[in-house]
Amino acid sequence: MAKALHGQPSREQILQEITELGASTVAGAQYAGVALLRRGRTLESPAYTHPLVPRVDRAQSLAGEGPAFRPADAEGSEKVRTTADPAEGVSVTRVDDLAADRRWPRFAREAARLGMRSMLSCRLTEERDSAGCLNLFSAEPGAFGEESAGTVAVLATHAAIALSAAAAVENLSNAVASRQVIGEATGILMERYRVTSREAFAMLVKASQDLNVKLREIAVHVVATGQNPAELRAADFAVARQ
């Protein structure tokens, strides 16, 4: 399990691998998907094993209720330990029968109509403006027991580590790319305007501050056009931001 997740090079591939491992390794699971809650309002479905899963996510999003909308430490969620430390644990929410669940009546009713009866939801990530859950489903009521909850908690722990590593690699790659393009822009300005490296960099920084545009975006524009940063206008970046 750990090898499969940590061997995935991108965030998107990791999320897809999580769903496939969830459906194949968690007892009782027939379908799996990752749901991302953006800014506490909208659910996205970046990875899933069956087309029914994003339909269930949409039902949860439209209802504005369900496991993805509840805090990780909400009443009714189990704290499943994955280490020897009793303070550590993964939040898991289990629904034995969506057709009879009263916690989220609108969502549960629609999920049951789509053919889902059991659900196991495990929190993957908790960030400032988003939260991710691994959701497992079965067409049979009572499909998930303690063993299922334990397995999905272990999977979520490995997934969180893999996602964190992928994010670090992505941030490093972005930093290297930014440094390279800023260096190119500085070189262009030095040659074209006969200025020093420090003066060329100061031209880029001033344009970035004046226009409230990231330094990397200023540099990309200079590399592409050779334009003097002092002549740039906010409108030059409006299309890229749309």
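Our subject is the structure that appears above.
Source: prediction; values computed, not measured. (Residues numbered from 1 in each chain as written. Predicted model: local features only at pLDDT ≥ 70, side-chain atom pairs only at ≥ 80, totals over all residues. Heavy atoms only, no water.)

## Side note on the overall build of the protein
Here comes step 1: Along the protein, the regular secondary structure elements total 8 helices and 6 strands.
Here comes step 2: Overall, the protein shows an N-to-C arrangement of helices and strands of α-α-β-β-α-β-β-α-β-β-α-α-α-α.
Here comes step 3: Put simply, 55% of the contacts in the protein that link residues at least 6 apart link residues at least 24 apart.
Here comes step 4: About 13,100 Å² of surface is accessible on the protein, with carbon and sulfur atoms providing 50% of the total. (Helix = DSSP H or I, 4+ residues; strand = E, 2+ residues; numbered from the N terminus. Contact = heavy atoms within 4.5 Å. Areas by Shrake-Rupley, 256 points an atom, 1.4 Å probe, with all protein chains shown as cover.)

## Examining the environment of R233
Here comes step 1: Along the chain, R233 falls in the loop between α7 (215–225) and α8 (238–241).
Here comes step 2: Side-chain polar atoms of R233 contact the backbone oxygen of A230, separated by 3.4 Å. (Polar contact = N/O pair within 3.5 Å; in protein donor to acceptor, adjacent residues only side chain to side chain.)

## Let's talk about unusual backbone geometry
Here comes step 1: With a phi close to 55 degrees, R194 is a non-glycine residue in the positive phi region.
Here comes step 2: Within the secondary structure layout, R194 lies in the loop between α5 (146–193) and α6 (197–211).
Here comes step 3: At N212, a position not held by glycine, the phi torsion is positive, near 55 degrees.
Here comes step 4: With respect to the element layout, N212 can be found in the loop between α6 and α7.

## A word on the side chain of S118
Here comes step 1: Checked against the element boundaries, S118 lands in strand β5 (residues 118–126).
Here comes step 2: Here the side chain of S118 touches D96 through a polar contact of 3.3 Å, landing on its backbone oxygen.
Here comes step 3: Within the structure, S118 has its side chain in polar contact with the backbone nitrogen of A143 (distance 3.1 Å).
Here comes step 4: Filtering out sequence-adjacent residues up to four positions away, S118 remains in contact with V95, D96, L98, L136, F137, S138, E140, P141, G142, A143 and F144.

## A closer look at helix α4 (residues 105–113)
Here comes step 1: Every buried residue belonging to α4 is among F107, A108 and A111, and all of these are buried. For α4, the buried positions fall inside an angular range of 95 degrees around the axis, keeping them on one side. Turned more than 90 degrees away from the buried face of α4, the exposed residues are R109 and R113.
Here comes step 2: Backbone geometry just after α4 places G115 at a positive phi near 105 degrees. (Buried < 20%, exposed > 50% of the residue type's maximum accessible area, 1.4 Å probe, protein only. Arc of directions from axis to C-beta.)

## Considerations on the pattern of salt bridges
Here comes step 1: Tallied over the full model, the rule gives 5 salt bridges.
Here comes step 2: We note a salt bridge from D101 to R103, for which the minimum N-O separation is 3.0 Å.
Here comes step 3: Between K206 and D210 there is a salt bridge whose closest N-O contact spans 2.8 Å. Of this pair, K206 and D210 both sit in helix α6, separated by 4 residues, roughly a single helical turn. Assigned by exposure class, K206 and D210 land together as exposed. (Salt bridge = Lys/Arg side-chain N within 4 Å of Asp/Glu carboxyl O.)

Purely geometric stuff here, so don't read any function into it on its own.
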